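Listed below, chain by chain, are the residues.
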Amino acid sequence: MNERNSASRTVVIGRAAGCDLLVNDPSISTRHCRLTATPQGFVLEDLGSTNGTYVNGVRVVRPTLVQRHDRITLGLQCNMPWPVWASSPPALPGRPAQAPPAAQVVPFPDAALFSVEHPDQFPLAAAEKHPTTSELVVTGTIAPDVSRNVPVVSLASGRVMAIHTRLGDTVQKGQLLMTIRSDDVSGGYSNYKMAVADEILARNQYERAKDLYAHGAIALNDLEVAKDVEDKAKVAVDTAAEHLRLLGNDPDKMNFMVDIIAPVSGVVTDQEVTTGSLVQAYNTPYPFTISDLSLTWIVCDVYENDLASVRLGDTADISLNAYPDRIFKGRVSNIGAILDPNIRTAKIRIEVPNPGIMRLGMFVKATFHGQTKEMHTIVPASAVLHMHDRDFVFVPAPGNKFRRVEVVSGDLLTDNLNLQEIKSGIEPGQQVVTNALVLDHVLGQ
C-alpha cells in the first residue's frame, strides 16, 4: 500500500513488538486490526469492526482497505507517544525514543527470620573456640576374624543320623555336633580284629621258636624271623586301634556310629548338612564352621583422598547402629593394598573386642582421630535444635527478630556434656539463643 498524503510521514516498521491499530475504510466499515512482528516485517491482521477509536496512540491518517496478513508500508502521523514495547520501536523523525518504565521488585519474606515481642526473655550465649583433633568418620560392617574360623571336618564318610546343634548356636569345645553311621568304622573294626588275631599267632610262633632254638632244633635266623613277624603284628594291632580312636570309637567296644564334636568354642556360622544327608571324609563343603567371635573385624571403605588420615595402629571409636549410645575402642590392623577401581576406596580393617552384642553383618560407624589439631566452635547443647534430621541454632537479628541458622553439629564434649561441638554454620564469638527448644515452642504458638 503506497502513501499519497504528503502531510503524513511514511515509516517502514521492520522490528518491535506488536500494537493494535484502527483502520477506517468507508467501503467496508471501520476495521480493528493488530500489527504483529515477523522476521520479514510487520503483518496487519483484521480483527473485526470497532467504534473507530485509536489504540496505543497510533493513528492511520488515510482510509485504507486492509486485508488479513498483508505486509504493508504505513503512512502514519503520530499524535501520541509510541506504546511501550518489548524492544523499543525506531524513533520517528522529530521525536526521540522513550525508555521503558523501571521494573518493580517485590521482595519475598525471609522464612528463616522470626519476630518476637520480648526478645530479652531468651538468654544469649557466645559461641567459643575449642581445640580438637581432626576426625574422619566412615561406615563399615562387622565381619569374623578369618583366622578364628574353624571348619568342622568329618574323618569318616557316611550318612548323618542325628544333628545336635544348629546354625547360630554357641558351642563349647568337645560338644557333640552330629552323629554319622559309617562303613569306615566297620572296616576299622574288621582290620583291628584281624590284626589282633595275627598278633596272637605271631606271638605263639615266636614262643615256639625260642623253645626250639634253646634245644638246638632251629637256627638263629629262624628265631629272628619269628621275632620280626611278631613285632610287625603288634604294630598292625596298634595302628588299627589308633584308627578306631581317631574316628571316636573304643577298640574294645564295637560301635558303628561316629560322633563329630566341636574342635573349638564359638558360634556356628555355617551349616551344610541336614539329617539324612551324606558326608564325605576330608571333603568340602565342611558340615559346620565355628567362629570365635570374642574378637571381630570392622571392615570399612575409605576414599583414597582420606587415606592419609588413617595409620596402622591408630585407635578408632566404633558405634553400632543398634546401640548408638555405646562406644567401643578398636585398633587399625590392616590398610588394604588394592583400591576398588569403581568407587576408589580401600578396605580398612579394625580389630575390636566383642562384648557379646556384636553380630556379624551389623552396620557400624568408625571415627578415626587424626594427628593434626583443629579449632571447632562449641555452644551450649540446649542451643542446638534437632528438626527433620537437621540441626539449627537461633541467632539474634535487628528489630526484635531471631534468625534460624542451619549448622553441622558434632559430638558432646566428653568432659562437659552440656557443651556441643559445631563443625560449620556459625563462627566463634557469634551470639546464639541458649535454649532453642523454648524459642521454637514460642514461635510455634
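A brief structural summary. Just so it is clear, the structure is predicted and the values come from calculations on it, not from any experiment.

### Some thoughts on the overall build of the protein
Next up, step 1: For the protein, the count of helices and strands is three helices and 28 strands.
Next up, step 2: Counting across all 445 residues of the protein, residues that qualify as buried make up 34%.
Next up, step 3: Considering only contacts in the protein between residues 6 or more positions apart, those separated by 24 or more positions represent 69%.
Next up, step 4: As displayed, the protein offers around 26,400 Å² of accessible surface, 52% of which is attributable to carbon and sulfur atoms.

### What to know about a nonpolar patch on the surface
Next up, step 1: Together, Val153, Leu246, Tyr282 and Tyr286 make up a nonpolar patch on the protein surface, roughly 380 Å² of accessible area in all.
Next up, step 2: Along the polypeptide, tyrosine 286 turns up in the loop between strand S17 (278–279) and strand S18 (288–291).
Next up, step 3: In this structure tyrosine 286 comes out as partly exposed when scored by relative accessible area, which is 31%.

### So, the sheet that holds strand S12 (residues 158–163)
Next up, step 1: In spatial order, the strands read S15-S14-S12-S17; together these four strands make up an open sheet with antiparallel pairing. Edge positions in the open sheet fall to strand S15 (257–261) and S17, since each of these has one partner strand only.
Next up, step 2: In terms of strand pairing, strand S14 (residues 176–181) meets S15 through five bridges, oriented antiparallel. Within S15, the residue paired with leucine 176 across the bridge is isoleucine 261.

### Side note on the side chain of asparagine 354
Next up, step 1: Note on placement: asparagine 354 falls in the loop between strand S22 (345–353) and strand S23 (363–380).
Next up, step 2: Residue asparagine 354 is classed as buried on the basis of its relative accessible area of 14%.
Next up, step 3: Engagement of the side chain of asparagine 354 in a polar contact is seen with the backbone nitrogen of methionine 358, the distance being 3.2 Å.

### Details of the nonpolar core
Next up, step 1: Counting 25 residues, the largest nonpolar core has Leu177, Met178, Phe288 and Ile290 as its most contacted members.
Next up, step 2: If you list the elements that add at least two residues to this core, you get S12, S14, helix H1 (183–214), helix H2 (220–246), S15 and S18.
Next up, step 3: Apart from the residues within four sequence positions on either side, leucine 177 is in contact with Val152, Ile163, His164, Thr165, Val171, Ile260, Ile261, Ala262, Phe288 and Ile290.
Next up, step 4: Among the nonpolar cores identified, the runner-up in size contains 21 residues, and Leu136, Ile318, Leu320 and Ala366 belong to it.

### Some details on the environment of methionine 375
Next up, step 1: Looking at the element boundaries, methionine 375 is found in strand S23.
Next up, step 2: In this structure the C-alpha to C-alpha distance between methionine 375 and proline 428, which are 53 residues apart in sequence, comes to 9.6 Å.
Next up, step 3: In this structure, methionine 375 is in contact with Lys129, His130 and Pro131, ignoring residues within four places of it in sequence.

### Some points on the pattern of salt bridges
Next up, step 1: Per the counting criterion, the structure on display carries 13 salt bridges.
Next up, step 2: Note that lysine 227 and aspartate 231 form a salt bridge whose closest N and O atoms lie 2.8 Å from each other. Taken as a pair, lysine 227 and aspartate 231 lie in helix H2 at a separation of four residues, close to a single helical turn.
Next up, step 3: Lysine 227 gets classed as partly exposed once you look at its relative accessible area, which sits at 30%.
Next up, step 4: Overall, aspartate 231 belongs to the partly exposed group, its relative accessible area being 30%.
Next up, step 5: Of the charged contacts, one joins glutamate 230 and lysine 234 as a salt bridge, the two residues approaching to 3.5 Å between their closest N and O atoms. With a gap of four residues between them, glutamate 230 and lysine 234 both fall in helix H2, about one helical turn apart.
Next up, step 6: With a relative accessible area of 41%, lysine 234 lands in the partly exposed category.

### Some words on the packing of aromatic side chains
Next up, step 1: Inspection of every chain in the model, using the stated rule, returns two aromatic pairs.
Next up, step 2: Ring centres of phenylalanine 114 and phenylalanine 394 lie 6.3 Å apart, and the angle between their planes is 70°; on these two criteria the pair is classed as edge-to-face. Residue phenylalanine 114 is located in strand S8 (residues 113–115), and its partner phenylalanine 394 is located in strand S25 (residues 390–397); the two are separated by 280 residues in the primary sequence.
Next up, step 3: The ring of tyrosine 206 is capped by lysine 227, whose NZ or CZ atom sits 5.9 Å from the centre of that ring.
Next up, step 4: Positioned above the aromatic ring of tryptophan 297 is the side chain of arginine 349, whose terminal nitrogen or guanidinium carbon lies 4.2 Å from the ring centre.

Rules used throughout
- Counting restarts for each chain: residues are numbered from 1 in the order of the written sequence.
- Thresholds applied to this predicted model are a pLDDT of at least 70 for local features of residues and 80 or more for the giving and counting of side-chain atom pairs; totals over whole chains, interfaces and linings are not thresholded and use all residues.
- Side-chain descriptors were evaluated using all non-hydrogen atoms of the structure, hydrogens and water having been removed beforehand.
- Note on conventions: DSSP H or I runs of at least 4 residues are helices, E runs of at least 2 residues are strands, and numbering of each starts at the N terminus.
- Type-normalised accessible area, obtained with a 1.4 Å probe on protein chains alone, sets the label of each residue: buried when under 20%, exposed when over 50%, and partly exposed for intermediate values.
- Any two residues whose heavy atoms approach within 4.5 Å at even a single point are treated as in contact.
- Note that accessible areas follow from Shrake-Rupley with a 1.4 Å probe, and for residues the cover is restricted to the protein chains shown.
- Exposure above 30% relative accessible area and the lack of any salt bridge qualify a residue for a patch; like charges then connect within 9 Å, and the nonpolar side chains Val, Leu, Ile, Met, Phe, Trp and Tyr within 5 Å.
- Any carboxyl oxygen of Asp or Glu within 4 Å of a side-chain nitrogen of Lys or Arg constitutes a salt bridge here.
- In this description, strands pair whenever DSSP reports at least two bridges between them.
- Under the rule applied, a polar contact is a pair of N or O atoms within 3.5 Å (in protein, one hydrogen donor and one hydrogen acceptor; residues adjacent in sequence only if both atoms are side-chain atoms).
- Joining through side-chain atoms within 4.5 Å is the link that ties buried Ala, Val, Leu, Ile, Met, Phe, Trp, Tyr and Cys residues into a set, and such a set is a nonpolar core.
- A pair of Phe, Tyr and Trp rings is counted when the ring centres sit within 6.5 Å of each other, with Trp represented by its six-membered ring. The angle between the planes then sorts it: under 30 degrees is stacked, over 60 is edge-to-face, the rest tilted.
- Only Lys NZ and Arg CZ are tested; either one counts as a charge over a ring when it is within 6 Å of the ring centre and within 35 degrees of the ring normal.

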